[in-house]
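Structural description and commentary
Residue strings, one per chain:
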Amino acid sequence: MTDVVNAPVPRAEAAASPWPVFWVASIAGFLVALDTTMLFAAFDPLRHAFPNATAADLSWVLNAYTVVYATMLIPAGGLADTHGRKRVFLLGVALFLAASAACGLANSVGWLIAARVVQAVGAALLTPASLSILLAAFAQTQRAVVVSLWGAVGGLAAAVGPSAGSFVIDQFGWPWAFYINLPLGGLALWRGAVLLTESERSAVRRRVDFVGMGLLMLAVGAITLAIVESDVPGWSRTELGALVATGLVAAAAFVAWARRAPAPLVDLELFRNRTYRWVNLATLSFGTAFSMMFLTFFFFMMNVWHYSLPQAGLAVTPGPLMVMPTAIITGRLAARLGHRRFLVGGSLLYACSSLWFLMMPGAQPQYLSHWLPGLLMSGISVGLVLPSLSAAAVSRLPMAHYAVGSAVNQATRQIGSALGVALTVALLGHAALQRADFTALYVLHGALALLTGLLCLPVDTRPHKAPA
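Conventions adopted
Residues numbered from 1 in each chain as written. Predicted model: local features only at pLDDT ≥ 70, side-chain atom pairs only at ≥ 80, totals over all residues. Heavy atoms only, no water. Salt bridge = Lys/Arg side-chain N within 4 Å of Asp/Glu carboxyl O. Buried < 20%, exposed > 50% of the residue type's maximum accessible area, 1.4 Å probe, protein only. Patch = residues over 30% accessible without salt bridge, like charges linked within 9 Å, V, L, I, M, F, W, Y side chains within 5 Å. Areas by Shrake-Rupley, 256 points an atom, 1.4 Å probe, with all protein chains shown as cover. Helix = DSSP H or I, 4+ residues; strand = E, 2+ residues; numbered from the N terminus. Expected span 1.5 Å × (residues − 1). Arc of directions from axis to C-beta. Phe/Tyr/Trp six-rings, centres within 6.5 Å; stacked < 30°, edge-to-face > 60°. Lys NZ or Arg CZ within 6 Å of the ring centre and 35° of its normal. Axes fitted to C-alpha atoms, helices over the stretch in contact; angles between N-to-C directions. Parallel < 35°, antiparallel > 145°, perpendicular 65-115°, else oblique. Left-handed = near helix turned anticlockwise from the far one by under 90°. Contact = heavy atoms within 4.5 Å. Nonpolar A, V, L, I, M, F, W, Y, C, P; charged D, E, K, R; others polar.

Bringing the pattern of salt bridges into the picture now. For the structure on display, the rule yields four salt bridges. A salt bridge links Arg272 to Glu269; the shortest N-O distance between them is 2.8 Å. A relative accessible area of 63% means that Arg272 is categorised as exposed. With a relative accessible area of 46%, Glu269 lands in the partly exposed category. Residue Asp460 pairs with Arg462 through a salt bridge whose shortest N-O separation is 3.0 Å. Under the relative-accessibility criterion, Asp460 is labelled partly exposed at 28%.

Written out as structure tokens, the structure reads:
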């Protein structure tokens, strides 16, 4: 995504209110964010729907989407600038909707995973295009507020996803976790075709680095596959070692290719920036811990406390609801004080929530005293850390690198999410779970939270003082 902050606003858009454009773009973004957290609630129902599939197989319903979304997200903004933002946005929404219908109709795990890959391509196309459309529709003075609102819509979707998904899946079945996208997405597609005006296409034709995309997918996919299959009897240690080696070789080849390619998927020059380098490492570790904790909530509630799916979804909701107000307050303070204290403090609080879940909840349900305090701690800590990582990542980059730097940071978080799902399934993917099975996961989660705090210590985004 190129710098669109100073893009000219078409006269037709300037004359009319831009808020209908905001709602069209935000509905599409809402669906992408909703789909992510809603599917954490669908893991157990999918197990029952496909009894012959292993937990490792089902993990790819989440991870195939995440890996493809992460790698496609980086070049997608450039595609929107080259081929027209409206065109790419509508194509992304259409692909997302068609794939959502295919997911709901899937009669095998393989078909479902293939449809999720197409859904990820659609999500990656529409996400940066929707933000570019918003920035072009609003005046310069309104853009900061509009971007905050756009982000808040995504945060709201992530917060209501677990409870909404749990209720919908319990009442109508797992396919409706995907069918629910169709009416809202159809509205966004229809109104987008009517309201949006096409942007001027960039004169520079951007190449898509298919080699880089393939190497990155292979690296993340091979390592993720080795993790989820680590406890499966059908895989020998030699085969698992070969998978890990393949992933590491692909990762090294990706870096080597990025050094010599004329238009690489990831510009390694970005990582010469000290703050950007440390923030992305912290984003990887925190993204891993975040998806581990979210998926673990449902495993624990449904298998140890034997909550129904709607009960589990409702019980998880207070944590995500703390994210938005915390993020709003943190963003205002970080603009004056820098992000480091919020990143380090939030990471320590996240580690404390891991310790709470390790020590307090037992085999007998005691939600208010043994679960809710840890859930609130985790929600507040996510509100402190996650938006701060995104903001700190680009705060010291030149404006020309702002968009691609943000995309790489988002992709890094998605890669961490794939690793987190893989680790959770490897540790908790067997059929009969007991309280003791969660000990190793909470210890690992706490260690990743502490690692995030350590990685954020070198981060310095304090505003420079003007000379007297």
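What follows deals with a nonpolar patch on the surface. A cluster of nonpolar residues, Leu184, Leu187, Trp190 and Val194, forms a patch on the protein surface that exposes about 380 Å² of accessible area. Its place among the elements puts Val194 in helix H9 (residues 181–195). Taking relative accessible area as the criterion, Val194 reaches 52% and is therefore assigned exposed.

What follows deals with helix H6 (residues 109–137). If you check H6, its first and last C-alpha atoms are 41 Å apart, about what 29 residues at 1.5 Å a residue would give, namely 42 Å. For H6, a buried count of 22 out of 29 residues is recorded, marking the element as mostly surrounded by other parts of the structure.

A word on helix H13 (residues 309–316). Structurally, the α-helix is built with 3.6 residues per turn, so residues lying three or four positions apart point the same way. For H13, the set of buried residues is Leu309, Ala312, Gly313, Ala315 and Val316. The buried residues of H13 occupy an angular sector of 165° when projected down its axis, which confines them to one face.

In total, this model carries 23 aromatic pairs according to the counting rule given. Ring geometry for Phe300 against Phe438: centres 5.0 Å apart, planes inclined by 70°, an arrangement best described as edge-to-face. Linking Phe300 in helix H12 (residues 274–303) with Phe438 in the loop between helix H18 (402–428) and helix H19 (439–456), this pair joins segments that are 138 residues apart in sequence. A residue is classified by how much of its surface remains accessible, and Phe438, at 0% relative accessible area, is buried. Both rings, one in Phe357 and one in Tyr442, keep their centres 5.9 Å apart while their planes meet at 20°; by these two values the pair is stacked. Placement of Phe357 in helix H16 (residues 340–359) and of Tyr442 in helix H19 is noted, with a sequence separation of 85 residues between them. Residue classification places Tyr442 among the buried residues on the basis of a relative accessible area of 1%. Within the aromatic cluster, the residues linked to one another by ring pairs are Phe40, Phe290, Phe294, Phe297, Phe300, Trp305, Tyr307, Phe357, Trp371, Phe438 and Tyr442. Lying across the ring of Trp190, Arg191 places its NZ or CZ 4.9 Å from the centre.

This part covers the packing of H12 against helix H17 (residues 367–394). Relative to each other, H12 and H17 sit at 155°, their axes nearing to 10 Å. With respect to H17, the axis of H12 lies roughly antiparallel. Of the two possible hands of crossing, H12 and H17 adopt the one that is left-handed. Within the contact between the two elements, H12 uses Thr275, Tyr276, Val279, Ala282, Thr283, Phe286, Phe290, Phe297, Phe300 and Met301 and H17 uses Tyr367, Trp371, Leu375, Ser378, Val382, Val385, Leu386, Leu389, Ala392 and Ala393. Partitioned by chemical class, the residues of the contact of H12 with H17 number 17 nonpolar, three polar and no charged.

Functional significance is not addressed by these values, which are geometric in nature.
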